[in-house]
Amino acid sequence: MKIAQAIVKQDLRVAPQDGAGLVLEKMEQAGYNALPVVEEGIYQGLLPIEKMRALKDRTQVLSDTGISLLQAYIYEDQHLFDALPLFVSHGINVLPVISGEHYYVGMLDAAGLIEAVNEMLDCERPGSMLVLELGQRDNALSHIAHIVESANAQILSSFTRYLPDSDRMEITLKINTATLSDVVASLLRYDYQVKTTYSLEMDREDINARFEHLMNYINM
């Protein structure tokens, strides 16, 4: 999914000629900790709300305040995942989207990002989660998918994480089954290290066991 598909509908850009007081009011009403500054369609930078709140004279226009803008943005043809580290590293809840010529296209907010990632990873479809740990050179997803399919299951989504200070990695798989016993057994036969599993059936069994334990305790 490209960034352009997740742009918010609101146009909350501000201009260098806008009054500081009105801009701050706009930021607080919108609930964002920054807003994009745009002049004649060209993106100038991201205006942080903490710098606006620190202003003593809010009758000035933005261009006279001397506030330095944060150079945070993403191009409209980039992938959605490229936005995630930018939100984290800059501590922002809104990210401007620009064209290759630096024209302002729109913006992506944290809520929209979560919604788009949720849709892309198919998080709402029922299934179970399985985490494998393996060497970075052993990452043959096609082989893993074949093993999962041999257990009458399918991979709905997958993503990887490289373990720090190690040549190992984790692969998290979402499987379209309520139970993972057959899938796990098939993976173990091929010497894959199953690190963790999360399944609806296991959660129910755990809840039932805890309830039975509590009732036995009460009836003592």
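Our structure is the block above this text.
Conventions used here
For every chain, the first residue of the written sequence is number 1, and numbering continues from 1 along that sequence. The predicted origin of the model limits local features to residues at a pLDDT of at least 70 and limits the giving and counting of side-chain atom pairs to 80 or more, whereas totals for whole chains, interfaces and linings rest on all residues. Side-chain metrics rest on all non-hydrogen atoms present in the structure, leaving aside hydrogens and water. A run of DSSP states H or I qualifies as a helix once it reaches four residues; a run of E qualifies as a strand once it reaches two. Both are numbered from the N-terminal end. Surface accessibility follows the Shrake-Rupley procedure with a 1.4 Å probe radius. Residue values consider only the protein chains on display as shielding. Just to be clear on terms, a salt bridge is a Lys or Arg side-chain nitrogen sitting within 4 Å of an Asp or Glu carboxyl oxygen. Pairing between two strands requires that DSSP report at least two bridges joining them. Here a residue-residue contact requires only that any non-hydrogen atoms of the pair lie within 4.5 Å. Axis geometry follows a simple rule: fit a line to the C-alpha atoms, using only the stretch in contact for helices, then measure angles between N-to-C directions, giving values from 0 to 180 degrees. Pairs were defined over the aromatic rings of Phe, Tyr and Trp, the Trp ring being its six-membered one, requiring ring centres within 6.5 Å. Orientation was assigned from the angle between planes: stacked under 30 degrees, edge-to-face over 60, tilted for the rest. Under the scheme applied here, a residue whose accessible area is under 20% of the maximum for its type counts as buried, over 50% as exposed, and between as partly exposed, the area being computed with a 1.4 Å probe on protein chains only. The directions considered for the arc are those from the helix axis to the C-beta atoms.

**Let's talk about the overall build of the chain**
- Each helix and strand counted, the chain has 8 helices and 9 strands in total.
- Total accessible area on the chain is roughly 13300 Å²; 50% of this is exposed by carbon and sulfur atoms.

**Focus on the pattern of salt bridges**
- Summed over all chains, the structure comprises 6 salt bridges.
- Lys195 is the partner of Glu170 in a salt bridge, and the nearest nitrogen-oxygen pair spans 2.4 Å. Residue Glu170 is located in strand E8 (residues 168-175), and its partner Lys195 is located in strand E9 (residues 193-198); the two are separated by 25 residues in the primary sequence.
- Among the charged side chains, a network of salt bridges with common partners joins Glu133, Arg161, Arg168, Glu170 and Lys195.

**A short note on the sheet that holds strand E3 (residues 74-75)**
- Pairing is mixed in the open sheet, where 3 strands are placed in the order E3-E4-E5. Lying at the two open borders of the sheet, with one neighbouring strand each, are E3 and strand E5 (104-109).
- Examined bridge by bridge, strand E4 (residues 94-98) and E5 share 5 bridges and lie antiparallel to one another. Across the sheet, residue Pro96 finds its bridge partner in E5, namely Met107.
- Helix-sheet contacts for helix H4 (residues 83-90) involve E3, E4 and E5, and the interaxial angle to E4 is about 130°.

**Some thoughts on the packing of aromatic side chains**
- For the structure shown, the criterion picks out 2 aromatic pairs.
- Between Tyr43 and Tyr73, the aromatic rings sit 6.0 Å apart at their centres with planes inclined by 70°, giving edge-to-face as the arrangement. A residue pair is termed long-range when its members are at least 10 positions apart, and Tyr43 in strand E2 (residues 42-48) and Tyr73 in the loop between helix H3 (62-65) and E3 qualify at 30 residues.
- An aromatic cluster is present here, built from Tyr43, Tyr73 and Tyr75 joined pairwise through their rings.

**So, helix H7 (residues 181-189)**
- Of all the residues in H7, the buried ones are Val183, Val184, Ser186 and Leu187. Take H7 and look down its axis: the buried residues cluster within an arc of 160°, on one side only. Residues of H7 that are exposed and point over 90 degrees away from its buried face: Asp182 and Arg189.
- Buried residues along H7 sit in contact with strand E6 (128-135), helix H6 (141-150), E8 and E9.
- Positive backbone phi, at 65°, marks Asp191, one or two positions downstream of H7.

**Digging into the sheet that holds strand E7 (residues 155-162)**
- Within the open sheet, the 4 strands sit side by side as E7-E8-E6-E9. Their pairing is antiparallel. Sheet topology places E7 and E9 at the edges, where each strand pairs with a single neighbour. Across the sheet, the mean angle separating the axes of adjacent strands is 20° when strand polarity is ignored.
- Here 5 bridges tie E6 to E9, and the two strands are oriented antiparallel to one another. Residue Leu132 lies in a different strand from E9, and its bridge partner there is Val194.
- Lying on the sheet, H6 is in contact with E6, E7 and E8; it crosses E8 at an angle near 40°.

**Re the pairing of E4**
- Extensive coverage of E4 is indicated by the burial of 5 of its 5 residues.
- Because side chains alternate across E4, one face comprises the buried residues Val94, Pro96 and Ile98, and the other comprises Leu95 and Val97, equally buried.
- With antiparallel pairing between neighbouring strands as the criterion, E4 and E5 make up a hairpin whose turn holds 5 residues, including His102 at a positive phi of roughly 75°.

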